[in-house]
Amino acid sequence: MTKTNLATKAILFLFLLLGTEYFYAQCAGNDITVTICNKDQDTAYQNFDLSALIGTHEAGGTWGAQDPANFFALNTGTGIVNLWSVNKFGEHIFTYTVDSGTCNDTATVTLNLGGYPGEDNTDGSANVCSDNAQVNLHNFLGSQTPGKIQDVNGTWAEVPDNATGALADNIFNANMAGPGTYTFTYTVDAVETCASRQSTVILEVFRAPEAGTPIPFSVCASDDLSAQTNMNLHDLLEDEDNFGSWSEEGTAQLSGPGDSIINLEEIRDNHGQGTYNFTYTVPPSHPTCTEDVSVVSIIIEPALIGNLNVSDICSSDAAELTITYTANSLTDGQYQLTYTIEGNGQQTNMEEVITLQGGNGLLPFNPSSIVGGGRVTVTIDEIWRVTNVEQTPTGPEYTLEEITCSINVPTETFIIYDPGTEVDDICPGEDASVSLTHILDTNGDPLVGGHTINYTLTPDGGTPSNHTAGNVTFTGGQATFAIPIEQLSGSGTYMVAVDIQGALALGCDISDSFQFFELEEDISMDINVDDLCHATDIDVQIEGPTLNDGAYTIRYEITEYGTSTVVANGTIEFNGGNLGESIDISALDTGNYTLTVSSTQNNTSPCRTQFDFETSQDF
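The rules we used
- Residues numbered from 1 in each chain as written.
- Predicted model: local features only at pLDDT ≥ 70, side-chain atom pairs only at ≥ 80, totals over all residues.
- Heavy atoms only, no water.
- Helix = DSSP H or I, 4+ residues; strand = E, 2+ residues; numbered from the N terminus.
- Rg over C-alpha atoms; globule rule 2.2 N^0.38 Å.
- Buried < 20%, exposed > 50% of the residue type's maximum accessible area, 1.4 Å probe, protein only.
- Contact = heavy atoms within 4.5 Å.
- Salt bridge = Lys/Arg side-chain N within 4 Å of Asp/Glu carboxyl O.
- Pairing = 2+ DSSP bridges.
- Axes fitted to C-alpha atoms, helices over the stretch in contact; angles between N-to-C directions.
- Phe/Tyr/Trp six-rings, centres within 6.5 Å; stacked < 30°, edge-to-face > 60°.
- Disulfide = S-S within 2.5 Å.
- Core = buried A, V, L, I, M, F, W, Y, C linked by side-chain atoms within 4.5 Å.
- Polar contact = N/O pair within 3.5 Å; in protein donor to acceptor, adjacent residues only side chain to side chain.
- Lys, Arg positive; Asp, Glu negative; His and termini not counted.

Engineer: Describe the overall build of the protein, listing the residues and the values that go with them.
Structural biologist: On a plain count of helices and strands, the protein comes out with 3 helices and 44 strands. Relative to the globule expectation of 25 Å for 619 residues, the C-alpha radius of gyration of the protein, 59 Å, shows a markedly less compact shape. Seen through its principal axes, the protein has C-alpha atoms that stretch 185 × 75 × 40 Å. With 619 residues in all, the protein has 41% of them scored as buried. A separation of at least 24 residues holds for 66% of the contacts in the protein among residues at least 6 apart in sequence.

Printed below as a string of structure tokens:
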């Protein structure tokens, strides 16, 4: 006979002695109630046969458990249940069901299971770390025997003399309680004839290592970091243990695990902007705890640190404002800069997207925007990083990220030379007057005082000649001097190029052209009157220089002699040359008349002084 059958028979015999009630036999067997205590002390209860309890029954039925938690402990075909896997003390109901052509019936087995509280754990093996706020005390019960697990519906309690208030059901908050030794009891209630049972857990909570809380820290690459050359990383942690070790990658600032001193200025100078991480690791005091790690991040924010390099230039030149900067203070890329250019009472505000790469960049600028030139300053006001460029029909649109660190680029001063020269056109008998403006001295200030002027006269298609005007007085950068007409070789176009002693020498163009005009011929008019009795017309002869930009208006008028009565008139227009015109007088009555011919010209010759001519003759 097997050990299982012996146990089953012993149980049945026990229930007969206790007066267990049996019901009349049915085809599915008989209902029965069984009480089992100390199930944990006999491995036979791992294969408890429910079918042996219900008496004679038709085979082929199915076993089921009222509590779904017992489903995996039960073999529904054989009725074998592993009571070690039923982890709750108290009543458990199992049902055998037959549904066949000869039987449609059920039988119920009610098991009253005494509790199993697990084994005591008082030998120092129950250890947790103080950073654990969710300690499941069930983890410290149970048995070394495979499959033997304590019931889960017992009651946990703290031993009163060291109660912490950190226990909630089976969860103990070791973080709240702190390091120390704590005693807990686990009690399973009495069930029918089975007594209440209890186990004890002595839990030791070990202090968790504390690597501390990092303190946020950032500086600008443009900051004065001379005070951070002996910086202790522990100053950037709060509440850390002092027996940890430091490590890092990239800066070579730490000589070993025990070194916590860094030179921030050196990091900035050698490595530039970026985030530098230093790791602090604190080992556990007990293996149940794990090491704690904190990372101190030192952020060196990007900044523009450098200089503007601009040469003195002529206003007609193409300007290049070169910016050189500390390359590792900014990553290569596109940046939008705003900068101000001021000079001669004028201000130009610029906003440009430029490329900064490898420590260099170019700022666009048109020198002619500062009219008159002079000393000019360039100041960089703001800088943004371009993070995205989107092409649109109206041009690129930029997504910008502001760089908040101060700009460390000194204002640059340079000279824009914008000299002005103006020479008026002249007529015979006049000297050419030369006006000079915006003339600067070698310091970039308006030229003052007496200065010698050397100038070159070059006629159009002719040979240049050099001349000097001595002690020309300048006031506020302006002066006037005369070119004697005797220095001109004749009418035509002349170029005068000026060199001023004591003025800024940048090779800027100081020149102008002017015209020396000839006097144009006056118009001549002649009247030929035939006094014959039968004269029918009068001849008028007109001669004048050809006008390329105008015309002559010739008017004639015939009046009765001695009166102002007009008997005939007319108008003739021509551009110049010889003109012969006949005036018809055939309709005039016999008598005495006066013919008057006048001319008006509308050309713009700068040297003409007489524009109106008139002649008359009686006939």
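Here the narrative resumes.
Engineer: So what's going on with the pattern of salt bridges? Residues and values would help.
Structural biologist: Tallying each qualifying case throughout the model produces 6 salt bridges. The partner of D445 in a salt bridge is R375, with the nearest N and O atoms 2.7 Å apart. Remark: R375 occurs in strand β28 (residues 373-392) and D445 occurs in the loop between β32 (432-437) and β33 (449-459); sequence separation between them is 70 residues. Salt-bridge contacts for E401 lead to R385; the nearest nitrogen and oxygen are separated by 3.4 Å. Note that E401 is positioned in strand β29 (residues 395-402) and R385 in strand β28, a separation of 16 residues in sequence. When its relative accessible area of 17% is taken as the criterion, R385 is described as buried.

Engineer: Tell me about the sheet that holds strand β12 (residues 180-188), and name the residues and values.
Structural biologist: Here 4 strands make up an open sheet; going across it, the order is β7-β13-β12-β9 and the pairing mixed. Two strands bound the open sheet, and with one partner strand each, they are β7 (127-129) and β9 (155-158). Going from strand to strand, the sheet's axes swing by 30 degrees on average, the running direction of each strand aside. Across 9 bridges, β12 lies against strand β13 (residues 197-206) in antiparallel orientation. Note on β13: the bridge partner recorded for T187 is Q198.

Engineer: Outline the packing of aromatic side chains, listing residues and values.
Structural biologist: One pass over the full model with this rule turns up 10 aromatic pairs. Residues Y494 and F514 carry aromatic rings whose centres are separated by 5.6 Å and whose planes lie at 15 degrees to one another, so their mutual orientation is stacked. Pair noted here: Y494 is in strand β36 (residues 492-500) and F514 is in strand β37 (residues 511-516), with a separation of 20 residues, a long-range link. The class for Y494 is buried, based on a relative accessible area of 3%. You can call F514 buried: its relative accessible area is 1%.

Engineer: Residue-level account of the environment of I383, with values.
Structural biologist: With respect to the secondary-structure elements, I383 resides in strand β28. Owing to a relative accessible area of 2%, I383 belongs among the buried residues under this scheme. For the pair I383 and E351, spaced 32 residues apart in the sequence, the C-alpha separation amounts to 9.7 Å. In contact with I383, other than residues within four places in its own chain, are L304, L330, Y335, Q336, L337, L356, E402, I403 and I407.

Engineer: Requested: an account of the pairing of strand β1 (residues 32-36), with residues and values cited.
Structural biologist: The element β1 is extensively covered by neighbouring structure, given that 4 of its 5 residues are classed as buried. When β1 meets strand β6 (residues 104-113), the two strands line up parallel, connected through 5 bridges. Within the sheet, the bridge partner assigned to T33 lies in β6 and is T110.

Engineer: Explain unusual backbone geometry to me, and be specific about the residues and the numbers.
Structural biologist: One non-glycine residue, D169, lies in positive phi territory at about 55 degrees. Looking at where D169 falls in the secondary structure, it is placed in the loop between β10 (167-168) and β11 (171-172). A positive phi is found at N471, a non-glycine position, where the angle reads about 50 degrees. With respect to the helices, strands and loops of the structure, N471 is situated in strand β34 (residues 465-474).

Engineer: How would you sum up the state of the cysteines? Please name residues and give values.
Structural biologist: Taken as a whole, this structure holds 5 disulfides when the rule is applied. Linked covalently through their sulfurs, C129 and C289 form a disulfide whose S-S length is 1.9 Å. For the disulfide bridge between C129 and C289, the dihedral angle about the S-S bond is near 110 degrees, and by the sign convention the bridge is right-handed. Of the two residues, C129 is situated in strand β7 and C289 in the loop between β20 (274-282) and β21 (292-301); the sequence distance between them amounts to 160 residues. Just as C129 is buried, C289 falls in that class too. Each disulfide pairs two cysteine sulfurs, and for C314 the partner residue is C508, the sulfurs being separated by 1.8 Å. Between C314 and C508, the S-S dihedral sits near -95 degrees, and the bridge is therefore left-handed. With C314 in strand β23 (residues 313-314) and C508 in the loop between β36 and β37, this pair connects stretches of sequence that are 194 residues apart. Since its relative accessible area comes to 6%, C314 is described here as buried.

Engineer: Break down the nonpolar core for me, with residues and values.
Structural biologist: Residues L436, I453, Y455, F474, F481, V498 and I500 are the most contacted members of the largest nonpolar core, which totals 32 residues. Breaking this core down by element, the ones donating at least two residues are β30 (412-417), β32, β33, β34, β35 (479-483), β36 and β37. Leaving out residues up to four positions away in the same chain, I500 has contacts with L436, I439, L447, H451, T452, I453, F474 and I510. If you look at the next biggest cluster of nonpolar residues, it comprises 27 residues, including V310, I313, I354 and V378.

Engineer: Before we move on, could you go through the environment of G492 and cite the residues and values that matter?
Structural biologist: By secondary structure assignment, the location of G492 is in strand β36. Judged by relative accessible area, G492 falls into the partly exposed class, the value being 23%. Remark: the alpha-carbon pair of G492 and I407, spanning 85 residues in sequence, is separated by 58 Å. Non-local contacts of G492, meaning those with residues more than four positions away in its chain, are made with F514, Q515 and F516.

Engineer: I'd like a description of the side chain of N263, backed by residues and values.
Structural biologist: Position of N263 among the secondary structure elements: in the loop between β19 (261-262) and α3 (264-271). Within the structure, the side chain of N263 is placed 3.1 Å from the backbone nitrogen of E265, a separation counted as a polar contact.

Engineer: How would you summarise the side chain of E248 if you had to cite specific residues and measurements?
Structural biologist: As for its position among the elements, E248 is in strand β18 (residues 245-248). R268 is the oppositely charged side chain nearest to the buried, salt-bridge-free E248, at an N-O distance of 16 Å. Polar contacts involving the side chain of E248 include one to the side chain of T251, which spans 2.8 Å. Polar side-chain contacts of E248 include one of 3.0 Å to the backbone nitrogen of A252.

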